[in-house]
Amino acid sequence: HALVTLCHLMEQPARAVYATTRNCFYKEYEQVGAEDWAELNLEFGGHAVGNVTVGRLPYRLPREDIRIEVTGTFGHAEIANDRLTIWPGEETVCLPLDGGAILAAQFEDFYQAIETDTPTPTTFAEGLHLQRVLAAAQRSVAEGRTCSV
């Protein structure tokens with residue numbers, strides 16, 4: 001969801017990704033391949049960069065789920081906790097954000113589109129691009145370097 005949101009914010013698709021993951025808690029998590037934390041640094045066309053950090057802990061910490069940061073020529077935006085913060089210059093704008101409600105609405109829209117045979121909110125091309133970003137992220141983790149999408 002964080003990557004789909006970030007890709008929707010960008011005017012051009014991701015060109016390269018550097019990814020890292022960690023498993024810092026229990027050996028049982030390592031045995032099943034569950035990662036507790038991942039960070040992806042993406043380079044987009046137009047020289048914009050984006051950063052997505054996603055953490056999954058063995059217990060849920062309120063307000064610590066997903067952080068999305070985007071930096072471009074005209075400013076910086078961050079989705080974290082329950083806020084969308086935009087720095088278009090010296091001014092900071094904070095808007096309330098209910099991530100759970102947004103995610104629920106996106107799933108509802110997707111299911112509704114399937115049931116009514118209408119276009120889905122995310123296109124096949126966007127889904128394919130996301131799969132390419134994820135494949136590049138997996139290569140990046142395995143190789144320890146930035147990989148092309």
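The structure we're discussing is the one just above.
Keep in mind it's a predicted model, so treat the numbers as computed, not measured.

Counting residues in each nonpolar core, the largest one holds 20 residues, and the members touching the most others are Leu 6, Leu 40, Leu 42, Phe 44 and Val 52. Only α1 (2–9), β1 (14–22), β2 (37–44), β4 (66–72) and α4 (124–143) provide two or more residues apiece to this core.

Below, the discussion takes up the pattern of salt bridges. Taken as a whole and assessed by the stated rule, the structure comprises two salt bridges. With its nearest N and O atoms 2.6 Å apart, the salt bridge here joins Glu 43 to Arg 15. One end of the pair, Glu 43, is in strand β2; the other, Arg 15, is in strand β1, with 28 residues separating them in the sequence. Accessibility expressed as a relative area gives 34% for Glu 43, which makes it partly exposed.

Attention shifts here to the packing of aromatic side chains. As enumerated under the stated definition, the model contains two aromatic pairs in all. Ring centres of Phe 107 and Tyr 111 lie 6.2 Å apart, and the angle between their planes is 20°; this geometry places the pair in the stacked category. Of this pair, Phe 107 and Tyr 111 both sit in helix α3 (residues 99–116), four residues apart, which is roughly one turn of the helix. The class for Phe 107 is partly exposed, based on a relative accessible area of 43%. The class for Tyr 111 is partly exposed, based on a relative accessible area of 46%. By way of ring pairs, the aromatic residues Phe 107, Phe 110 and Tyr 111 are connected into one cluster.

With respect to the helices and strands, the residue Leu 3 is situated in helix α1. Take Leu 3: its relative accessible area is 11%, and that puts it in the buried class. Taking the C-alpha atoms as reference, Leu 3 lies 9.3 Å from Asn 51; in sequence the two are 48 residues apart. The contact partners of Leu 3, leaving out residues within four places of it in the chain, are Leu 40, Leu 42, Val 52, Leu 130 and Leu 134.

Here α1 crosses α4 at 115°, and the two axes come no closer than 11 Å. As for the relative orientation of α1 and α4, their crossing is right-handed in sense. Note on element contacts: α4 touches α1 through Glu 126, His 129, Leu 130 and Leu 134, opposite Leu 3, Val 4, Cys 7 and His 8. The class makeup of the residues in the contact of α1 with α4 is five nonpolar, two polar and one charged.

The rules behind the values
Residues numbered from 1 in each chain as written. Predicted model: local features only at pLDDT ≥ 70, side-chain atom pairs only at ≥ 80, totals over all residues. Heavy atoms only, no water. Core = buried A, V, L, I, M, F, W, Y, C linked by side-chain atoms within 4.5 Å. Buried < 20%, exposed > 50% of the residue type's maximum accessible area, 1.4 Å probe, protein only. Helix = DSSP H or I, 4+ residues; strand = E, 2+ residues; numbered from the N terminus. Salt bridge = Lys/Arg side-chain N within 4 Å of Asp/Glu carboxyl O. Phe/Tyr/Trp six-rings, centres within 6.5 Å; stacked < 30°, edge-to-face > 60°. Contact = heavy atoms within 4.5 Å. Axes fitted to C-alpha atoms, helices over the stretch in contact; angles between N-to-C directions. Left-handed = near helix turned anticlockwise from the far one by under 90°. Nonpolar A, V, L, I, M, F, W, Y, C, P; charged D, E, K, R; others polar.

Spatial relationships are all this shows, so hold off on functional conclusions.
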